[in-house]
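Each chain is listed here by its residues.
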Amino acid sequence: MSNAALTEDLALSASHEEMANAIRVLSMDAVQKANSGHPGMPMGMADVATVLFSKFLKFDASAPDWPDRDRFVLSAGHGSMLIYSLLYLTGYPGVTAEELSNFRQLGSKTAGHPEYGHIPGVETTTGPLGQGLTTAVGMAMAERMLATRFGKDIVDHYTYVIAGDGCLMEGVSHEAISLAGHHKLNKLIVLWDDNNISIDGEISIACSDDQLKRFEASNWNAMRVDGHNPEEIAKALEAARNSDKPTLIACKTIIGKGAPNKQGSHKTHGEALGEEEVAATRAALGWTAPPFEVPEHILSSWRKVGQRGKAAHDAWKQRAAKLSETERAQLTNPVTDAVMAEVKKAVIEVKKKASEERPKVATRVSNKMVLDALVPLVPGIVGGSADLTGSNGCFSDHSKSITPDDYSGNYVHYGVREFGMAAMMNGMSLHGGVVPYAGTFLVFADYSRPAIRLGALMATRVIHVMTHDSIGLGEDGPTHQPVETIASLRAMPNLNLFRPADTVETAECWEVALSMAKTPSVLSMTRQGLPTLRTEHTDENLSAKGAYVLREADGERDVTILATGSEVEIAVAAADILKDNGIKAAVVSMPCWELFAAQSHEYRQQVLGTAPRVAVEAAVKFGWERWLDSHGGFVGMHGFGASAPGPALYEHFGITAAKVAEEAQNTIERAKNS
């Protein structure tokens, strides 16, 4: 059964209107029971969703993780009852009427906004508007990459998006549609809920864009249909599926359609209809079933829709059986145990070479050295950069640019689109078969942050390479010098921030990042050259524990110096100064706080010791209190940077070995006098 054959009509006992009304009633009832939510969008887009699911979407409700299913993204995540109703009606496992009745309640699968991993059939977490659309672009890119690699017998599916006015207002939508149009992602189809309503009222109070011309300007097809005319909707979808460009279908709808007194009003957008209007809607629709009950002939029709892709799925399984076991695994998770074993071997070799040759290079250069070794070993690894390829060190000797006409490469030129880049990488990771990494400057994490956060919430394996990570970048000045960025990223749950001190640690951090299937990573890299500090090779990945004793004191410690990244060399030099003054100092490198915090209490105490502690980092102190005792000292930034050569800035701001040694002595004195 081909994808095209799915457009054939099923013999259904329920009419289109009855099936769409099932969505409307389930949505309004769930919101009413919760007294919280957004009924208007699901009621308005019920006709569009019914046509899409019953005639076009390739899926098997009994197998939500089928790799070659079409992807459906509800970018307008506030209308979550639309997708929850569809998942229940089509028979997704575990999505019951009881779950619908528990909408927005603690422990329910039906959260206020769709959450990836909480309920089958939700391809990505949405709610922050615009991100669903942008994540879908990443999914469509992944589909084309894998189709090029495995062939269309194995990978051949569409990505559909339902987006609202808010999605198109958000700035990231421009990044998404621009790159999608440039790459001619013709299997990406966006259904815009053009209802002219936002929370504040009519869209005209804040927006007068001609969205069709906007999309056409970015090399999309754009068309307009009556969102309540199933024939028009189906005709537009068929045209979109046969296009050589991505397509926007503007679906003119009435928000809250079916509610006789409130439809078309912003009052249906973000609040329950109220008992009287719910009753009036039931009467207007001729719906007599009680809440969360669907008449048998309607439910059975929807369940047939949920089963209609089973034949296509079975045929696909026969074709996929011709692949090797390894190839089948790579369709979803390219980083197998066997791949990680090869990665580990390669990392050991990079470390040996670095320890022997002792290069003094920026860790962004170390990044490329490591990628040169790892890219050939990790199938599906795809790099990129936000127009900083020459600066980030993400284009390896084995990288090949992906172009609109050639998807056989493994490197995406994202352009100056940091937010879009991060969200698209989330989409690639969620799609499966791709391990995305890409680079920009660390200070521009503020552009990427919403997508980094959503990736952490969804537990995606995405690796953000962020270079130029301190005042050490020099002359570009305080606009480009991140001082608070590291602390802000460390505050984010389920995100590992790595700040390696040399090439050896860079290799170790990459190994850990690749092994983290459910945690995104930020690799914080320097612009300035750093010496190799790990000159004695060990196969053990010391960075995997987050922190370790780089240099122990000669005898019982008088003080412990904690440092990360480019300041570890300063800590080592400070320890030498202290030694000359008869003070025994240990140096602890802390490339990843999050991993260190996850170690046993005994290991943490072994590393930190009982002596007074002082920390040095070319960033603000915020967060260091966690690792310092009450007497602990800190050497770092206390405000923004300045424009000057890097070495002059370190001297100007007092981030030097002499200052660290002085602060260590002061810390020892404070401890003695307490």
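Thresholds applied
- Here, residues in each chain are numbered from 1, in the same order as that chain's written sequence.
- Restriction of local features to residues with pLDDT of at least 70 applies here, the model being predicted, together with a cutoff of 80 or more for giving and counting side-chain atom pairs; totals for whole chains, interfaces and linings are based on all residues.
- Values shown for side chains rest on all heavy atoms present in the structure; no hydrogens or waters enter the calculation.
- Aromatic pairs are defined between Phe, Tyr and Trp rings, using the six-membered ring for Trp, whenever the two ring centres lie within 6.5 Å; interplanar angles under 30 degrees are classed as stacked, those over 60 as edge-to-face, and all others as tilted.
- Exposure categories follow from relative accessible area, calculated using a 1.4 Å probe and restricted to protein chains: below 20% of the type maximum is buried, above 50% is exposed, and the middle band is partly exposed.
- A ring is considered to have a charge above it if a Lys NZ or an Arg CZ atom is located within 6 Å of its centre and within 35 degrees of its normal.
- We treat two strands as partners when DSSP finds at least two bridges between them.
- Secondary structure follows DSSP: runs of H or I at least 4 residues long count as helices, runs of E at least 2 residues long count as strands, and numbering of each begins at the N terminus.
- Lines are fitted to the C-alpha atoms to define the axes, a helix being fitted only along its stretch in contact, and any angle between axes, read from their N-to-C directions, falls within 0 to 180 degrees.
- When describing relative orientation, an angle under 35 degrees is termed roughly parallel and one over 145 degrees roughly antiparallel, while 65 to 115 degrees is termed roughly perpendicular and anything else oblique.
- Left-handed is the label given to a crossing in which the near helix is rotated counterclockwise from the far helix by less than a right angle, and right-handed is the label when the rotation is clockwise.
- Any two residues whose heavy atoms approach within 4.5 Å are treated as being in contact.
- Residue classes follow a fixed rule: Ala, Val, Leu, Ile, Met, Phe, Trp, Tyr, Cys and Pro count as nonpolar, while Asp, Glu, Lys and Arg count as charged, and any other residue, Gly among them, counts as polar.
- One speaks of a salt bridge when a side-chain nitrogen belonging to Lys or Arg is within 4 Å of a carboxyl oxygen belonging to Asp or Glu.
- The span expected for a helix works out to 1.5 Å for each residue beyond the first.

Peer 1: What exactly am I supposed to notice about the packing of aromatic side chains here?
Peer 2: One pair of aromatic rings is described through two measures. These are the centre distance and the angle between the planes. Tallied over the entire structure, the rule returns 15 aromatic pairs. A ring pair is formed by Phe596 and Tyr603, whose centres lie 6.2 Å apart and whose planes are at 70°; its orientation type is edge-to-face. The exposure class assigned to Phe596 is buried, which follows from its relative accessible area of 0%. Among the aromatic residues, those joined into a ring-pair cluster are Trp593, Phe596, Tyr603, Trp624, Trp627 and Phe634. A cation sits over an aromatic face here: Arg303 above Tyr88, 5.3 Å from the ring centre. In this structure, Arg490 is placed above the aromatic ring of Trp593, and the distance from its NZ or CZ to the ring centre is 3.7 Å.

Peer 1: Explain the sheet that holds strand S3 (residues 188–194) to me, please; I cannot follow it from the model alone.
Peer 2: One key point about sheets: their strands pair by backbone hydrogen bonds, in either a parallel or an antiparallel sense. Strand order in the open sheet made by the five strands is S1-S2-S3-S7-S6, with parallel pairing throughout. Two strands lie at the open edges of the sheet, namely strand S1 (71–74) and strand S6 (221–226), each paired on one side alone. If you compare each strand with its neighbour and ignore which way they point, the axes differ by 20° on average. Direction of pairing for S6 relative to strand S7 (residues 247–252): parallel, over a ladder of six bridges. Within S7, the residue paired with Ala222 across the bridge is Leu248.

Peer 1: Sorry if this is basic, but what is going on with the packing of helix H6 (residues 131–150) against helix H8 (residues 172–182) here?
Peer 2: How two helices sit against one another is set out by the angle between their axes and by the gap between those axes. Between H6 and H8, whose axes approach to 8 Å, the crossing angle comes to 25°. Taken together, the axes of H6 and H8 are roughly parallel relative to one another. Viewed along their axes, H6 and H8 form a crossing whose handedness is left-handed. Residues Gln131, Leu133, Thr134, Val137 and Met141 of H6 form the contact with H8, whose participating residues are Val172, Ser173, Ala176, Ile177, Leu179 and Ala180. For the contact of H6 with H8, a count of residues per class yields eight nonpolar, three polar and no charged.

Peer 1: Before we go on, may I ask you to explain the pattern of salt bridges in this structure?
Peer 2: Any two side chains of opposite charge can pair if their charged atoms end up close together. Applying the stated rule across the entire model yields 30 salt bridges. Of the charged contacts, one joins Lys345 and Glu342 as a salt bridge, the two residues approaching to 3.4 Å between their closest N and O atoms. With Lys345 and Glu342 both in helix H15 (residues 337–357), this residue pair falls three residues apart, about one helical turn. What makes Lys345 exposed here is its relative accessible area of 52%. Three or more residues joined by partner-sharing salt bridges are found here, namely Asp469, Arg490, Arg499, Glu567 and Glu617.

Peer 1: What am I meant to see in helix H19 (residues 445–458) here?
Peer 2: Two residues of an α-helix separated by three or four positions point the same way, owing to the 3.6 residues in each turn. Spanning 14 residues, H19 covers 18 Å between terminal C-alpha atoms, matching the ideal 20 Å at 1.5 Å per step. For H19, the full list of buried residues reads Ala445, Ser448, Ala451, Ile452, Leu454, Gly455, Ala456 and Met458. Looking at the buried positions of H19, the neighbouring elements they touch are H6, helix H18 (418–431), strand S10 (435–441), strand S11 (463–467) and helix H20 (485–490).

Peer 1: Just to check I follow, could you spell out the packing of helix H22 (residues 568–580) against helix H26 (residues 657–673) for this structure?
Peer 2: Interaxial distance between H22 and H26 falls to 8 Å at its minimum, and their mutual angle equals 60°. One finds that H22 runs oblique with respect to H26. Regarding H22 and H26, the two cross each other, and that crossing is right-handed. Residues Ile570, Ala573, Ala574, Ile577 and Leu578 of H22 form the contact with H26, whose own contacting residues are Ala657, Ala658, Val660, Ala661, Ala664 and Gln665. Split by residue class, the contact of H22 with H26 holds 10 nonpolar, one polar and no charged.

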